[in-house]
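# Fold and geometry: a report
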Amino acid sequence: MDGTSGFPANGSGAAAPADLVWPADETQVPDWVYTDRRIYEREQERIFFGRHWNFVGLECEVPKPGDYIRSYVGEVPVVVTRDMEGGFHVFENRCAHRGAEYCREYRGNTERFVCPYHNWTYDLAGDLVAVPFRRGVKGKGGMPPGFDMTEHGLRKFKVSAYRGVIFATACEDMEPVEDYLGPGIREQFDIIFDGTEQVLLGLHRNILPGNWKLYQENLKDPYHATLLHTYLTTFGLFVTSNESDIMVDPIGRHSALLSRRPQGRPDVSEEDSAQIAAYREGLKLNDESVLNFVREFDSSWSGAAMTIWPNMTALRQTNILNTRLIVPRGPDELMMIWAVFGRASDDEEMTRHRLRQNNIFGPGGFLGIEDNEALKFVQDGLRRSMPRVGLALLGDDEEETDTIITERAIRAMYRYYRETMAL
Amino acid sequence: MSGTATADKPREARADRAAFRDLRLEIEEFHYDYADALERGEVEQWCEFFTDDAFYCIVARDNHESGLPLGLVYCEGKGMLKDRAFALRNTEMYAPRYLNLQINNVRVHEAAGTTIRAEANYLLLETLVEEPSRIQQVGKYYDVFERVDGRLLIAERKCVYDSVVINNCLVFPV
Ligand code: FES
Ligand SMILES: [Fe+2]
């Protein structure tokens with residue numbers, strides 16, 4: 001046990017299961033990383049409770065003192081609060097007494113959390129402030145005389161708020177979030193979270209019957225963009241010949257898929273249209289205003305889809321701004337919490353523009369539906385078939401980074417993953 | 001909260017009900033046709049239940065109650081409905097499924113001129129190949145109907161769903 005937080009730090013150091021051996025060819029990913037319960041538990045220890053910053057929410061989700069939300073670190077339910085002085089806290093959503101999950105609301109505003117079972121009471125920092133009948137009744141019962149309330153608060157995470165984004169870690173000596181992101185990725189992150197005040201437009205939640213890493217892979221996989229998402233190609237939002245850059249941090253854990261949307265409809269090369277069955281010249285939306293791009297970023301890229309290891313994605317796509325929090329729920333299920341936001345400076349029309357544009361993403365969005373369906377298909381394949389290895393063969397690790405026909409970022413992620421997991 | 005509000009004025013409510021009985025029957029028939037179009041996957045036909053400048057959105061109940069406007073689907077005008085119908089028919093990839101849309105507890109709140117305000121409960125059951133049937137959405141419609149050339153059309157439909165955590169994804173509208 002770690003003295004300060006009460007969380008096991010960086011795993012138990014136990015050896016990986018001996019029967020699970022990674023294939024020699026690193027373009028292969030074995031089925032068991034998506035299905036094995038022991039791997040899943042090792043991930044909780046070494047990844048989510050290890051030397052990483054976990055995304056837990058946005059400052060605009062808790063805009064006022066006393067605001068709180070339910071959130072997660074790995075599979076563990078936590079509460080994120082903003083205290084009366086404006087500081088952020090992240091602690092376990094599990095009472096220190098008999099272990100009840102005490103916070104049952106999506107969000108709210110309070111001065112304290114009272115566990116409904118026996119009314120143990122915690123403040124906005126997660127400290128225990130009241131225990132009913134602590135001294136007993138009529139001199140009988142009650143807590144032992146040596147009971148120290150300061151030692152029985154909720155288990156807390158170390159918190160860092162960086163540019164409106166709240167991160168938490170069980171590791172006591174993490175580097176600052178800036179350094180964790182690293183130079184290139186941080187630059188892209190800073191364009192989405194540019195320091196202006198954000199406003200929350202709302203959240204989506206969905207359960208996806210797939211391993212949590214599939215979602216990381218999905219946003220590290222630019223290859224599928226024009227093949228699965230024919231909405232993009234049909235209406236000329238994105239085709240394979242659009243300028244792109246697939247950025248991966250030096251140790252392989254974070255990534256950014258950058259793309260540039262041409263003004264007007266893109267020129268579709270013959271090579272493109274032959275490969276993309278859905279492209280039909282001249283097809284137009286009834287309401288084209290949905291695709292309008294109001295310039296608002298200091299970047300030559302019109303879109304950036306980022307993954308921040310281990311549980312965050314951040315997206316800016318034309319005027320859509322969102323984050324996704326990946327919550328693992330066993331080897332074969334994840335929950336996604338999408339936070340969609342705009343800027344405090346948006347006028348009513350801009351807010352409505354963002355709301356209209358958000359038809360593209362989310363669990364009811366044109367792209368969101370397809371990603372969730374495709375990932376379910378992959379997990380169905382994993383669950384019901386003879387074991388094999390998946391392939392991530394496309395592209396060359398050393399080539400220029402401006403092609404989307406590559407799985408380079410997925411390979412980089414698994415290189416880092418194997419190191420962290422000692423697999 | 002809303003439960004007690006209705007219980008507080010039973011007499012008015014009863015008088016309203018009598019006055020709106022025919023209207024309620026008409027709206028129920030409307031809902032049955034609407035559900036039938038969606039169950040058959042006739043998404044183009046679904047658009048025709050709306051006025052040209054209709055507003056249609058599907059909003060999670062927690063967002064709705066927190067005053068957060070984000071929609072799972074958010075359409076201003078029939079053009080956007082048609083674009084969704086087009087995407088569902090031509091571009092979207094999703095597993096085949098059977099849909100069963102139940103609409104009930106219809107209540108008419110107000111009828112003034114050609115405008116009618118009403119609500120209803122809805123329940124969308126979804127069945128995928130070789131999977132047990134499941135509840136995809138349970139929620140409430142907050143509707144404004146407009147009578148155009150004798151026919152009822154939706155001018156505004158807010159679908160507020162209690163089933164906040166969506167089972168993978170919502171493909172078809174409700
Ligand atoms: S379990 Fe929370 S007070 Fe007893
Ligand atoms: Fe995708």
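The coordinates are above.
Below is a summary of the structure that appears in this document. (Residues numbered from 1 in each chain as written. Chains lettered and ligands numbered in written order. Predicted model: local features only at pLDDT ≥ 70, side-chain atom pairs only at ≥ 80, totals over all residues. Heavy atoms only, no water.)

### Considerations on the overall build of chain A
Inclusion rule: Under the scheme used here, helices are H or I runs from DSSP no shorter than 4 residues and strands are E runs no shorter than 2 residues, and both carry numbers assigned from the N terminus. Two things to know: the radius of gyration comes from C-alpha atoms, and the globule rule equals 2.2 Å times the number of residues to the power 0.38. Only protein chains enter the accessibility calculation, which uses a 1.4 Å probe; a residue is then buried when its area is under 20% of its type maximum, exposed when over 50%, and partly exposed in between. Residues are treated as being in contact if the distance between any of their heavy atoms lies within 4.5 Å. Note on areas: these come from Shrake-Rupley sampling with a 1.4 Å probe, and a residue is covered only by the protein chains present in the view. Within this scheme the basic residues Lys and Arg register as positive and the acidic residues Asp and Glu register as negative, but His and the chain ends are omitted. By convention, charge coordinates are those of NZ in Lys, CZ in Arg, CG in Asp, or CD in Glu.
Helix and strand counts for chain A come out as 11 helices and 19 strands. What you see for chain A is a C-alpha radius of gyration of 23 Å, in line with the 22 Å of a compact globule of 423 residues. The principal-axis extent of the C-alpha atoms belonging to chain A is close to 90 × 60 × 40 Å. Every one of the 423 residues in chain A was classed for burial, and the buried ones make up 58%. Within chain A, contacts between residues separated by at least 24 positions form 67% of all contacts whose residues are at least 6 apart in sequence. Summed over its atoms, the accessible surface of chain A is roughly 17,600 Å², and 49% of this surface lies on carbon and sulfur atoms. Of the side-chain charges in chain A, 47 are positive and 64 negative, and the distance between the mean point of each set is 8 Å.

### As for the overall build of chain B
Across its full length, chain B holds 6 helices and 7 strands. Here the C-alpha atoms of chain B give a radius of gyration of 17 Å, agreeing with the 16 Å that 2.2 N^0.38 yields for 174 residues. Along the first, second and third principal axes, the C-alpha atoms of chain B reach 50 × 35 × 30 Å. Across the 174 residues in chain B, those meeting the buried criterion constitute 49%. As presented, chain B carries roughly 8,300 Å² of accessible surface, and 49% of it is formed by carbon and sulfur atoms. Charged side chains in chain B number 21 positive and 30 negative. The centres of these two groups are separated by 5 Å.

### Observations regarding the coordination of the iron ion (ligand 2)
Residues and elements named next belong to chain A. The following threshold applies: A donor here means an N, O or S atom no more than 2.8 Å from the metal, or no more than 3.2 Å when the metal is Na, K or Ca. Since water is not included, a site may seem to lack partners.
Only His224 (NE2), His229 (NE2), Asp371 (OD) and Asp371 (OD) from the protein coordinate the iron ion (ligand 2), and they sit 2.1 to 2.4 Å from it. For the iron ion (ligand 2), all donor residues lie on one chain, and their spacing in sequence is H-x4-H-x141-D. Placement of His229 in the loop between helix H6 (225-228) and helix H7 (230-234) and of Asp371 in helix H10 (residues 366-384) is noted, with a sequence separation of 142 residues between them. His229 gets classed as buried once you look at its relative accessible area, which sits at 3%. Under the relative-accessibility criterion, Asp371 is labelled buried at 5%.

### So, the side chain of Glu76 of chain B
Defined as follows: Polar contact is the term for a pair of N or O atoms within 3.5 Å; when the atoms are in protein, one must be able to donate a hydrogen and the other to accept it, and sequence-neighboring residues count only if both atoms are side-chain atoms.
Tracing the backbone shows Glu76 of chain B in strand E2 (residues 73-76). Classification of Glu76 of chain B by relative accessible area gives buried; the value is 18%. Here Arg352 of chain A takes part through its side chain, which lies 2.8 Å from a polar atom of the side chain of Glu76 of chain B. Here Arg356 of chain A takes part through its side chain, which lies 2.5 Å from a polar atom of the side chain of Glu76 of chain B.

### Looking at the side chain of Arg107 of chain A
Summarising the element assignment, Arg107 of chain A is placed in strand E6 (residues 107-109). Here Asp62 of chain B takes part through its side chain, which lies 2.8 Å from a polar atom of the side chain of Arg107 of chain A. When sequence neighbours within four positions are dropped, the list of residues in contact with Arg107 of chain A reads Tyr68, Ile69, Leu203 and Arg205 of chain A together with Asp62, Asn63, Ser66 and Leu68 of chain B.

### Points about the interface of chain A and chain B
For the record, the criterion: Using a 1.4 Å probe, buried area is obtained as the accessible area two parts lose upon being combined, added over both of them. Here, a salt bridge means any side-chain nitrogen of Lys or Arg that lies within 4 Å of a carboxyl oxygen of Asp or Glu.
Residue-level contacts link 42 residues of chain A with 35 residues of chain B. Of the roughly 3,500 Å² buried at the junction of chain A and chain B (both faces included), carbon and sulfur atoms supply 56%. The interface formed by chain A and chain B contains 6 salt bridges. A salt bridge links Asp62 of chain B to Arg107 of chain A; the nearest nitrogen and oxygen atoms lie 2.8 Å apart.

### Description of the pairing of strand E1 (residues 50-60) of chain B
All names here are of chain B. The cut-off we apply is this: When DSSP finds two or more bridges between a pair of strands, those strands are recorded as paired.
In terms of burial, E1 is largely enclosed, as 9 of its 11 residues are buried. Sheet analysis places E1 next to E2, joined by 4 bridges and oriented antiparallel. The partner of Tyr56 across the bridge, within E2, is Cys75.

### A short note on the nonpolar core
As a reminder of what qualifies: Buried residues of nine kinds, namely Ala, Val, Leu, Ile, Met, Phe, Trp, Tyr and Cys, make up a nonpolar core once their side-chain atoms join them within 4.5 Å.
Ranked by internal contacts, the top residues of the largest apolar core, which has 149 residues, are Phe189 of chain A together with Tyr34 and Tyr56 of chain B. Contacts of Tyr34 of chain B, omitting those with residues within four sequence positions, involve Trp46, Phe49, Phe50, Tyr56, Leu101, Ile103, Tyr141, Ile154, Arg157 and Val174 of chain B. Grouped together as the second largest cluster of nonpolar side chains are 16 residues, Val79, Cys95, Phe113 and Leu154 of chain A included.

### Comments concerning the packing of aromatic side chains
What describes a pair of aromatic rings is the distance from one ring centre to the other and the angle between the planes of the rings. All names here are of chain A. Spelled out, the test is: Pairing of aromatic rings covers Phe, Tyr and the six-membered ring of Trp, with a centre-to-centre limit of 6.5 Å; geometry is then stacked below 30 degrees between planes, edge-to-face above 60, and tilted otherwise.
All chains considered together, the criterion is met by 33 aromatic pairs over all chains. Here Phe48 and Trp212 contribute two aromatic rings whose centre-to-centre distance is 4.8 Å and whose plane-to-plane angle is 65 degrees, an arrangement assigned as edge-to-face. Of this pair, Phe48 sits in helix H2 (residues 37-48) while Trp212 sits in helix H5 (residues 212-218), placing them 164 residues apart in sequence. Since its relative accessible area comes to 0%, Phe48 is described here as buried. Judged by centre distance (5.5 Å) and plane angle (50 degrees), the ring pair of Trp212 and Trp309 falls under tilted.

### Topic: the packing of H2 of chain A against helix H11 (residues 408-421) of chain A
All names here are of chain A. To keep it simple, the criterion reads: Note on definitions: angles span 0 to 180 degrees between N-to-C directions of axes, and those axes are lines fitted to C-alpha atoms, for helices only across the stretch in contact. Convention used here: angles under 35 degrees read as roughly parallel, angles over 145 as roughly antiparallel, angles from 65 to 115 as roughly perpendicular, and any remaining angle as oblique. Gly counts as polar in this scheme, as do all residues outside two lists: the nonpolar Ala, Val, Leu, Ile, Met, Phe, Trp, Tyr, Cys and Pro, and the charged Asp, Glu, Lys and Arg.
The interhelical angle for the contact between H2 and H11, taken along N-to-C directions, is 85 degrees, at an axis separation of 10 Å. The orientation of H2 relative to H11 falls into the category roughly perpendicular. Contacts between H2 and H11 involve Ile39, Arg42, Glu43, Arg46 and Ile47 on the former and, on the latter, Tyr417, Thr420 and Met421. Its residues assigned to classes, the contact of H2 with H11 comprises 4 nonpolar, 1 polar and 3 charged.

### Some remarks on the pattern of salt bridges
Applying the stated criterion to the full structure yields 51 salt bridges over all chains. When the shortest N-O distance is used, the salt bridge between Asp62 of chain B and Arg205 of chain A registers 3.8 Å. Highlighted residues: Asp62 of chain B in helix H5 (residues 61-65) and Arg205 of chain A in strand E12 (residues 198-208), drawn from two different chains. Note on Asp62 of chain B: relative accessible area 7%, which makes it buried. Note that Arg356 of chain A is salt-bridged to Glu349 of chain A, the shortest N-O span being 2.7 Å. What makes Arg356 of chain A buried here is its relative accessible area of 7%. In the salt-bridge network here, residues are joined through shared partners; they are Asp194, Glu296, Arg343, Asp346 and Arg354 of chain A.

Keep in mind these values describe shape, not function.
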